[in-house]
Amino acid sequence: MTTHAPQAAQAVTLPTTLDEAVAALTAMPAAVPVAGGTDLMAAVNSGQLRPAALVGLGKISEIRGWQYQDGHALLGAGLTHARMGRPDFAALIPALAAAARAAGPPQIRNAGTLGGNVASASHTGDALPVLAALEATLIIAGPGGARREIPVSHLLAGVDTLRAGELIGYVRVPLLHAPQVFLKATGRTGPGRALASVAVVLDPARRGIRCAVGAIAPMPLRPLEAEQWVAQLIDWDNNRAVVPEALQAFGEYVAAACIPDPAPAQDGTVAQHPPAVLHLRRTVAALARRALGRALS
């Protein structure tokens, strides 16, 4: 048996500031930025990617922490899953901490970063439904010290994309000071790639529920009608009480919104989903029901 080692990158640059990293990418348009490298190295090892140059982001200390800003947390794109999983971060953004702890085995959590999770935009990225439910935004660093802000959902949907020389510098997340829950179902025991995931966050100030479903589509799905419907059934003035039947109906509402019934054929007949899709739909319903129940308990 023989193995074929991937072709090594021709150049590696290790900037120490965000603007230096942007300048390096601008000077070398073919260069690929790398932080934890969990997705990048998988692509290199499989032969899907042969980067001509690498811009390492591991020495940029300014994006490896967080700060508070006008009722928001400004999270550095270099925050690792392991760091976000710690208790102090969990007290700040519980759902994102839960997603970070579920991101995979220790070696992945120690290397993988928040910015990498967003930039790779894998449909199974655990942080993505949480960021969608929180309606987070991205601070993009560009050439010449430029900064612009776009919703995370716009990047994931391709409505707005990173331009030449740009990098994700920070993720801006509102601090809601309310319960948040992230749950996911995997295909095997223990941490693994999600088959479906659900994030639910409460917004008591607006008497609202935000929910996002991940892994079942190319980007997280927001069942907005289900959110609005169940928010009207919650007794916000009495310990956020809701009847059990509402939780069950919410789960089914979310699942039907994200995995709708097939459209009728021209002759009026309605096809049935295959068993695998029906199982996925039941899984989404169960996750949504449990996530909302835990958030309200």
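For the structure itself, consult the block above.
The rules behind the values
- Sequence order sets the numbering: in each chain, residues are counted from 1 along the sequence as written.
- Per-residue local features are limited, in this predicted model, to residues with pLDDT of at least 70; the limit for side-chain atom pairs, both in listing and counting, is 80 or more; totals at the level of whole chains, interfaces and linings are taken over all residues.
- Computation of side-chain values covers all heavy atoms of the structure but excludes hydrogens and water.
- Two strands are counted as paired when DSSP detects at least two bridges linking them.
- Put simply, DSSP marks the helices as runs of H or I at least four residues long and the strands as runs of E at least two long, and each gets a number from the N terminus on.
- What counts as an axis is a line fitted to C-alpha atoms, over the stretch in contact for a helix, and the angles between N-to-C directions run from 0 to 180 degrees.
- Any Lys or Arg side-chain nitrogen located within 4 Å of an Asp or Glu carboxyl oxygen qualifies as a salt bridge.
- Each residue is placed in one exposure class: buried if its accessible area under a 1.4 Å probe, protein chains only, is under 20% of its type's maximum, exposed if it is over 50%, and partly exposed if it falls in between.

(A) Highlighting the sheet that holds strand S9 (residues 180-186). Spatial ordering of the open sheet is given by S9-S10-S11, a layout of three strands whose pairing is antiparallel. The open sheet has two edge strands with one neighbour each: S9 and strand S11 (208-214). In this sheet, adjacent strand axes meet at a mean angle of 10 degrees when their direction is disregarded. Where strand S10 (residues 194-203) meets S11, seven bridges bridge the pair, whose relative direction is antiparallel. Within the sheet, the bridge partner assigned to Val198 lies in S11 and is Val213.

(B) Spatial organisation of the pattern of salt bridges. Enumeration over the complete set of coordinates arrives at 13 salt bridges. Two residues, Asp160 and Arg148, come together in a salt bridge whose shortest N-O distance is 3.0 Å. In this pair, Asp160 is assigned in the loop between helix H9 (152-157) and strand S8 (167-174) and Arg148 in strand S7 (residues 147-151), connecting sequence segments 12 residues apart. Neither Asp160 nor Arg148 differs from the other in exposure class; each is buried. The partner of Arg207 in a salt bridge is Asp237, with the nearest N and O atoms 2.6 Å apart. One end of the pair, Arg207, is in the loop between S10 and S11; the other, Asp237, is in the loop between helix H10 (224-231) and helix H11 (244-258), with 30 residues separating them in the sequence.

Taken by themselves, the reported measurements are silent on function.
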